[in-house]
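Per-entry structural report
So you can see what is in the structure, the chains are spelled out below.
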Amino acid sequence: MTKPVPQARRTENYLQDLDYSVLQQCMHCGMCLPTCPTYMETGKEKNSPRGRIALMRAIADGELSVSRAFGDEMYYCLGCLACVTACPADVDYARLFEMARAETERQDVLNRPSRNLIRRLTLRGIFTRPRLLRAVGRLLYVYQAAGLEGLVRRSGLLRLLPKRLRELEPLTPRVCRTFSDGLIGEVEKPVERRYRVGLLTGCVQDLTFSDVNRDTVDVLLANGCEVITPRCQACCGSLHGHNGEWELAKVLARRNLDAFDLDGLDAVITNAAGCGSHLKHYDRLLAGDERYAQRARTWSNKVRDISEWLVEIGIRRPQVAATPLAVTYHEACHLCHGQGITRQPRDLLKAIPGLELRELKESTWCCGSAGIYNITQPAMSEKLRDRKVDHLRATEATVVASANPGCNIQISAGLVASKGRAMAVHHPVSLLAEAYRRETG
Amino acid sequence: MKDLIAQLERIVGQDQVLKEPEDLIPYGFDGTAVLKEPAMCVVFPADVNEVAAVVGVAASHGTPIVTRGSGTGLSGGSVPVRNGVVVCLLRLNRILEIDARNLTISAQCGVITKDIADEAAKAGLFYPPDPGSMKISTIGGNVAENSGGLRGLKYGVTRNYVMGLEAVLPSGEVCWFGNKCVKDVAGYSMKDLFIGSEGTLGIITRVLLRLLPKPASRRTLLASFSSMEAAAATVSAIIEARVIPCTLEFLDRVTVRCVEDYAGIGLPLEAEAILLMETDGHPAVVAEEAKQMTVIARENGATDVKVAADEQEGERLATARRAAFSALARMKPTTILEDATVPRSELTKMVRKIQEVGERYNLTIGTFGHMGDGNLHPTILTDEKDADEMDRVEKAMHEMFEYAIELGGTITGEHGVGLAKKPFLPRQFTESSYALMKSLKRTLDPDGLLNPGKIFD
Ligand SMILES: Cc1cc2nc3c(=O)[nH]c(=O)nc-3n(C[C@H](O)[C@H](O)[C@H](O)COP(=O)(O)OP(=O)(O)OC[C@H]3O[C@@H](n4cnc5c(N)ncnc54)[C@H](O)[C@@H]3O)c2cc1C
Ligand code: SF4
Ligand code: SF4
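On a predicted model such as this, the values are computed, not experimentally measured, just so you know. (Residues numbered from 1 in each chain as written. Chains lettered and ligands numbered in written order. Predicted model: local features only at pLDDT ≥ 70, side-chain atom pairs only at ≥ 80, totals over all residues. Heavy atoms only, no water.)

1. Some points on the site of ligand 2
Residues and elements named next belong to chain A. In the vicinity of ligand 2, 13 residues are found, and the nearest of them are Cys 26, Cys 29, Gly 30, Cys 32 and Cys 87. Counting atoms within 2 Å of the grid points, the majority share of ligand 2 lands in the second largest cavity. Considering only residue class, the shell around ligand 2 consists of 10 nonpolar, 2 polar and 1 charged. (Near = heavy atom within 4 Å. 1 Å grid on protein atoms, 1.4 Å probe; cavity = no way out; pocket = protein on both sides within 12 Å on 5 of 7 lines; lining within 4 Å. Sits in = over half its atoms within 2 Å of the grid points. Nonpolar A, V, L, I, M, F, W, Y, C, P; charged D, E, K, R; others polar.)

Shown next as structure tokens:
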């Protein structure tokens, strides 16, 4: 029952070139509607998976042209893929949505100065250049650490920025002092080696959560994995793939394929859900690339989310006294919907002595971070953030565990804005690493 | 037309009238394959007064109205008519009252079916009709289609739970029919006229529904068979043995594979057919009936009968079953589903016919359905772009309908006539009964404003 993977050809229109059966696959039953966060907020079909697919199909059929309203709608979609989990008919929405955004960009219907600036700065600028990204990160760190933030905010200097960028400033994540390369050796060996794995450091993770990368290495070492971490890695390209920058995504994928010696590795590990769900699709992304297609297939077979990998090889339970800790788990969309990983992070958490896992209502509902959605669609993003925070608070847990840097930034910001009791936000792997650390005392 | 839209905007507010192509295209269809038609505009009234006002304005322009709930209908009932207004009722979404002394619930028409069931459950009560679409469909849509569900065998269909309803007539008048009384023979049973009327007689805006005490216990069984006939024979034998379980759902091999592919809950892939059986009520009765059904299934050739470990597992099985129709769409681009229903004594014959027709026309058919109700959904998996195959599909459907009627059955058990079954309807009526139905429509809707061209021309 596996269908051939459709490929976009190099001609006129990404949606028209797409194998029509992908569009036809949606039988408009509506089973996905109640899981779609945008539809559930507005109640309008256009904002639903079924409606969006109908629009894409209308374009493929030549009944509608790629208009600004169409483009806007494709960016109003979170890309959370809840509809993919819900769809019994196996509609490849991820594929459709990437093609629709790519077509929107190709036809340039959303051309607006502020939008162009954001995209140039982020997608085409810093996220394709790891060194530049780090330089920006370094500046941000100095800016935040030196307490310049308050000064600048008070000074009104921010008013010089376009409105959208200004609104974003409070969302800028806290930047770590040291990036992964400074915290992690290129090769780290466990006491007894069972496996050898590569580690992807991820760009946002690297910038703002490099300690999560360190924790990931520690946990891997504690479970008998030798860890190879190539220096100064490229962004995985997920932001680009999801935001219509198809060609850039391919360039970045090739760079990553070059950076790892795949044959010597049992797995390539990522700890960022958003990256993982894209990394696993390099095979599809590069299927038409003669030089890279084969490598990309091997790559896709080897990529594992950290929790997925640990459960696969068996998690060693930390030998420490139980310390009571109430934790709730928010499921990053690109882990639960994008990769179908729901059990493993919970298993990982439950391996920690004393940890009590409190189930979260609507745990798989998008928090509104969604790549750069919180930048491009602040209003909807905030609604979803508040909805998430309400449920988090209702658990009365002290810690929120979540496996995606974007979610963690969003949720932290939401918790601060809601002004309740303090709740810490951690990657599950950090909680496990912490437990191993207690072993050695 | 501009004039009409401006008037509509004055009633419901500008942001509640959609008129751009990007907004309208997603309202051009319902859950039915192939059928589509653009609307002129879509209006979202907030309450019954706005509904009445919208009807009044449309009537004054002679513009037809298509009522829409969630658009999950399977006969094209809410597919727009050209140059018509679509009135979408999702904003009328409040549950108004739950009356634990009279065991009733009152709700606006746009409430989602599952929310009704959940609200009832919170009060320890039970709303039995559970169509496969219950997470999405509206209660108004359920009443308008007289929808069935997985529990029809013991608990009946939507009609059996409607005690009263409010409807806006084509004239713009608002009428209420019914009350909380268990018995009521004052005048014609007018509410019954609107149940199953598919949006052609009035717009239902509010409903009063009967609830039941929640059954004390339930048990779910899964029986595997090496032939479809054996499953059908089991159902007939269970009914004959005077056992009335709440659920007897059937899935053939093709359907089982698709559902398993989606849900991954360990359905038996080697079986030619499975029956999902559920009994509920007093624990002692449940235990007894479960035993009886197991014995009967075995006697009729079941290769295996499993009991679900607990209610959660039973619920998982039922949920997987609800996905059957959509899951079948995994196989081919176009999924055309039928709704033939026959007296339960004739099930084996009907099942055999479906297989035979499928083979003769060289079509892939997945069959599932509410077998305990005699209601089968032979689903033809095809490609609307393949003209030759579509021609055979048409012929195969025709034969199946003819045969169902021959067996004393009906062309549609629960999905309604809408556009999809319109051509086959006269076959099922005598000339005078068909004429009576049409004259009733003319009396209530002389200008043909409400859902014109649905059910009949
Ligand atoms: C996956 C799936 C499973 C299904 N399973 C079942 C099942 O098990 N049993 C079953 O019977 N059906 C089933 N259906 C069919 C469908 O869900 C039902 O017919 C449902 O009642 C339609 O509700 P809706 O709100 O989507 O109505 P719509 O599709 O929007 O409308 C259906 C019809 O009712 C009319 N209508 C809607 N609301 C009103 C109103 N307030 N007043 C007057 N007329 C109105 C419309 O004009 C139209 O003719 C299924 C459909 C799908 C997609
Ligand atoms: S995307 Fe899937 S679930 Fe949603 S309407 Fe289409 S077929 Fe149904
Ligand atoms: S990806 Fe998320 S927001 Fe977009 S259509 Fe699917 S469920 Fe809705």
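2. Examining the packing of helix α4 (residues 49-60) of chain A against helix α7 (residues 93-107) of chain A
Residues and elements named next belong to chain A. For the pair α4 and α7, the least separation of the axes is 11 Å and the interaxial angle reads 50 degrees. When the axis of α4 is compared with that of α7, the two are oblique. Every pair of crossing elements has a handedness; the one defined by α4 and α7 is left-handed. Here Pro 49, Arg 52, Ile 53 and Met 56 of α4 lie close against α7, whose contacting residues are Tyr 93, Leu 96, Phe 97 and Ala 100. Its residues assigned to classes, the contact of α4 with α7 shows 7 nonpolar, no polar and 1 charged. (Axes fitted to C-alpha atoms, helices over the stretch in contact; angles between N-to-C directions. Helix = DSSP H or I, 4+ residues; strand = E, 2+ residues; numbered from the N terminus. Parallel < 35°, antiparallel > 145°, perpendicular 65-115°, else oblique. Left-handed = near helix turned anticlockwise from the far one by under 90°. Contact = heavy atoms within 4.5 Å.)

3. Brief notes about the interface of chain A and chain B
With 35 residues of chain A in contact, the opposing surface of chain B contributes 43 residues. Between chain A and chain B, the buried area comes to about 2,900 Å², and carbon and sulfur atoms account for 61% of it. With its nearest N and O atoms 3.9 Å apart, the salt bridge here joins A:Asp61 to B:Lys36. At the surface where chain A touches chain B, the tally comes to 12 residue pairs in polar contact (both at pLDDT 80 or more). (Buried area = accessible area lost by both parts, 1.4 Å probe. Salt bridge = Lys/Arg side-chain N within 4 Å of Asp/Glu carboxyl O. Polar contact = N/O pair within 3.5 Å; in protein donor to acceptor, adjacent residues only side chain to side chain.)

4. So, the sheet that holds strand β2 (residues 195-199) of chain A
Strand-to-strand pairing in sheets goes through backbone hydrogen bonds, with the strands running parallel or antiparallel. Residues and elements named next belong to chain A. Taken in spatial order, the 5 strands line up as β1-β3-β2-β4-β5 in an open sheet, and their pairing is mixed. Of all strands in the sheet, those with a lone pairing partner are β1 (187-188) and β5 (303-305), marking the two edges. Relative to β5, strand β4 (residues 267-270) is paired through 3 bridges, and the arrangement is parallel. Residue pairing in the sheet places Ile 269 in a bridge with Arg 304 of β5. Here helix α14 (residues 210-222) sits on the sheet and contacts β1, β2, β3 (225-228) and β4; the angle it forms with β3, its principal contact strand, is near 145 degrees. Across the sheet, helix α20 (residues 306-313) is in contact with β2, β3, β4 and β5; its angle to β5 comes to roughly 95 degrees. (Pairing = 2+ DSSP bridges.)

5. A word on the site of ligand 3
Residue and element names in this part refer to chain A. Taken together, 13 residues form the shell around ligand 3, and within it Cys 36, Arg 52, Cys 77, Cys 80 and Cys 83 come nearest. For the shell around ligand 3, the secondary-structure elements that each account for two or more residues are α3 (37-42), α4 and α6 (82-86). Within the shell around ligand 3, the residues separate by chemical class into 10 nonpolar, 2 polar and 1 charged.

6. Points about the confidence of the model for chain A
Residue and element names in this part refer to chain A. Within chain A, residue pLDDT values average 82, and 80% of them lie at 70 or more. Low pLDDT, under 50, characterises residues 141-162; the predicted model gives this stretch 25 contacts beyond four residues in sequence or across chains. Contacts for the low-pLDDT stretch residues 164-171, under 50 throughout, to residues beyond four places or in other chains number 22 contacts. (pLDDT = per-residue confidence, 0-100.)

7. Topic: empty space enclosed by the protein
Residue and element names in this part refer to chain B. Summed over the entire model, instances satisfying the criterion amount to 6 cavities of 30 Å³ or more. Roughly 760 Å³ of internal volume is contained in the largest cavity. Lining the largest cavity are 47 residues; nearest its centre among them are Thr 72, Gly 73, Ser 133, Glu 145 and Ser 147. Residue assignment for the lining of the largest cavity shows that the elements contributing at least two residues are β3 (65-68), α5 (139-145), β10 (203-210), α11 (311-322), α12 (324-328) and β17 (364-370). Top contributing element to the lining of the largest cavity by residue count: α5, with 5 residues. Residue classes in the lining of the largest cavity are distributed as 13 nonpolar, 27 polar and 7 charged. (Points joined across faces, edges and corners; volume = space filled by probe spheres on them.)

8. Structural notes on the nonpolar core
Of all hydrophobic cores here, the largest spans 95 residues; its most connected members are A:Met56, A:Phe70, A:Tyr282 and A:Trp299. It is α7(A) that provides the largest number of residues to this core, a total of 7 residues. Once residues within four sequence positions are removed from consideration, A:Tyr282 is found in contact with A:Cys236, A:Leu252, A:Ala253, A:Asn256, A:Leu257, A:Ala296, A:Trp299 and A:Ser300. Counting 54 residues, the second largest nonpolar core, distinct from the first, contains B:Met350, B:Val357, B:Ile365 and B:Phe401. (Core = buried A, V, L, I, M, F, W, Y, C linked by side-chain atoms within 4.5 Å. Buried < 20%, exposed > 50% of the residue type's maximum accessible area, 1.4 Å probe, protein only.)

9. Examining the sheet that holds strand β9 (residues 174-178) of chain B
All names here are of chain B. In spatial order, the strands read β5-β6-β10-β8-β9; together these 5 strands make up an open sheet with antiparallel pairing. Of all strands in the sheet, those bounded by a partner on one side alone are β5 (95-99) and β9. Looking at each pair of strands side by side, their axes are set apart by 10 degrees on average, direction ignored. Note that strand β8 (residues 162-168) and β9 share 5 bridges and pair antiparallel. Looking at the pairing, Ala 167 lines up with Cys 175 of β9. Along the sheet, helix α3 (residues 48-61) makes contact with β8, β9 and β10, crossing β8 at roughly 45 degrees. Sitting on the sheet, helix α4 (residues 113-122) touches β5, β6 (104-108) and β10, and the angle it makes with β5 is about 35 degrees.

10. Brief notes about the pattern of salt bridges
Any two side chains of opposite charge can pair, given that their charged atoms come close. Residue and element names in this part refer to chain A. As enumerated under the stated definition, the model contains 61 salt bridges over all chains in all. Measuring nitrogen to oxygen at the nearest pair gives 3.0 Å for the salt bridge that ties Glu 226 to Arg 193. Taken as a pair, Glu 226 in strand β3 and Arg 193 in the loop between β1 and β2 lie far apart in primary sequence, 33 residues in all. With relative accessibility at 3%, the residue Glu 226 sits in the buried group. In this structure, Asp 347 and Arg 343 form a salt bridge, with 2.9 Å as the shortest nitrogen-oxygen distance. With Asp 347 and Arg 343 both in helix α22 (residues 343-350), this residue pair falls 4 residues apart, about one helical turn. Residue class for Asp 347 comes out partly exposed when judged on its relative accessible area of 27%. Members of the salt-bridge network, linked through shared partners, are Glu 188, Arg 214, Asp 215, Asp 218, Glu 434 and Arg 437.

11. Some words on α14(A)
Residues and elements named next belong to chain A. With 13 residues, α14 ought to run about 18 Å at 1.5 Å a step, and its terminal C-alpha atoms sit 19 Å apart, in line with that. Among the residues of α14, those classed as buried are Ser 210, Val 212, Asn 213, Arg 214, Asp 215, Thr 216, Val 217, Val 219 and Leu 220. Looking one or two residues past α14, Gly 224 carries a phi angle of roughly 75 degrees, positive in sign. (Expected span 1.5 Å × (residues − 1).)

12. So, the domain arrangement of chain B
Residue and element names in this part refer to chain B. Domain annotation for chain B reports domain 1 (2-88), domain 2 (96-213), domain 3 (215-327) and domain 4 (332-446). Summing both partners gives a buried area of about 1,100 Å² for domain 2 against domain 3, and 56% of it is carried by carbon and sulfur. Of all residues in domain 2, the largest losses of buried area upon contact with domain 3 belong to Leu 150, Leu 153 and Lys 154, amounting jointly to 58% of the total for that side. Linking domain 2 with domain 3 are 2 salt bridges, by the criterion used here. (Domains from an automatic or database assignment.)

13. Quick word on helix α1 (residues 2-12) of chain B
Residues and elements named next belong to chain B. All of the buried residues along α1 are Leu 4, Ile 5, Leu 8, Glu 9 and Val 12. Around the axis of α1, the buried residues are gathered within 135 degrees of arc, so they sit on the same side. Exposed residues lying more than 90 degrees from the buried face of α1 are Lys 2 and Arg 10. Contacts made by the buried residues of α1 are with β1 (17-18), β2 (41-43), α3 and β4 (85-88). Positive phi shows up at Gly 13, right after α1, with a value of about 95 degrees. (Arc of directions from axis to C-beta.)

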